[in-house]
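Structure at a glance
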Amino acid sequence: MGQTIEPLNRVAVQLGPVHIYWYGIIIAVGALLGLLLAMREGKKRGLPENTFIDLILVAAPIAIICARIYYVAFEWSYYAQHPIEIIAIWNGGIAVYGSLIGGVAAAIVFCAVRGLSFWKVADIAAPSVILGQAIGRWGNFMNQEAHGGPTTRTVLENMHLPTFIINQMYINGTYYIPTFLYESVWDFIGFVLLLILRRVNLQRGELFMSYVIWYAIGRSYIEGLRTDSLMLGPLRVSQWLAWILIVVGAGLILYWRLRKEKRPHYLD
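Everything quoted here is computed from the prediction, not taken from an experiment.

What about the overall build of the chain?
When you go through the chain residue by residue, the secondary structure sums to ten helices and seven strands. Its C-alpha atoms give the chain a radius of gyration of 20 Å, near enough to 18 Å, the size a compact globule of 268 residues would have. Within the chain, buried positions represent 44% of all 268 residues. Considering only residue pairs separated by 6 or more positions, the chain has 74% of its internal contacts joining residues 24 or more positions apart. Once the 21 positive and 16 negative side-chain charges of the chain are each reduced to a mean point, those two points are 10 Å apart.

Some details on the environment of glycine 148
The residue glycine 148 is located in the loop between helix 5 (118–143) and strand 3 (150–151) in this model. Distance in space between the C-alpha atoms of glycine 148 and serine 229 is 9.7 Å, their sequence separation being 81 residues. Ignoring sequence-local partners within four residues, the contact set of glycine 148 consists of Tyr176, Ile177, Thr179, Leu225, Arg226 and Thr227.

Notes on the sheet that holds strand 5 (residues 174–176)
Strand order in the open sheet made by the three strands is 3-5-4, with antiparallel pairing throughout. Two strands close off the open sheet at either side, each with one partner strand: strand 3 and strand 4 (170–171). Bridge count between strand 4 and strand 5: two bridges; the pairing is antiparallel. Pairing of tyrosine 170 across the sheet is with tyrosine 175, part of strand 5.

Rules of the game
- Residues numbered from 1 in each chain as written.
- Predicted model: local features only at pLDDT ≥ 70, side-chain atom pairs only at ≥ 80, totals over all residues.
- Heavy atoms only, no water.
- Helix = DSSP H or I, 4+ residues; strand = E, 2+ residues; numbered from the N terminus.
- Rg over C-alpha atoms; globule rule 2.2 N^0.38 Å.
- Buried < 20%, exposed > 50% of the residue type's maximum accessible area, 1.4 Å probe, protein only.
- Contact = heavy atoms within 4.5 Å.
- Lys, Arg positive; Asp, Glu negative; His and termini not counted.
- Charge placed at Lys NZ, Arg CZ, Asp CG, Glu CD.
- Pairing = 2+ DSSP bridges.

Below, the structure is given as structure tokens:
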């Protein structure tokens, strides 16, 4: 007889016909912790008190919408046949890069309207963003998505993973590589590094670009292990975008440094 392992319940709370999913709760917790961190640091750096509360109220909905649009656009062959599922975001299916594009665009406009430096705000927010991403990947875990290719229970046990992770990686009779965990750990490490780097007193904009480079390096590798990548023809979209971001991020830092322009520093 085949092995029977029940996955963790994706529904955290059910109130009559209303279902509250762990996916949404986990992402909300990540966003809240990131917000509290940014608010605390923003106050130290002299930003108006409600800057990040106002920013997240504007940027979060736009980021979520863009994340969904990005995902649906590259999976259009499916959603064209199932249009009612386009809004079913609670089933998963949001793209991190889409959320970053939407969030950054919203932040640029927000800072322009408020008369704030985008790079200053972005530097302060960078550790919060990667912390939210590290936590948010556990929403993928609850949905049994963002995993890698097939593997065996023995391999997972040899990685010394907790049993609940191993069991959740058992999907439709097959064990899968927990790439969601790889990215979460990579992001947590990046979070710690960014906290250290902001004490180094980098030039304005460099902390945010360091986040972009770090995240893109990890994503470029981990994406190659996944089985649910968004594709553009034969290409994995996220890998190509990651490589572009690494070049742009490193190039921008190099450009700022070579110009020897007098730029504000993070701790100014």
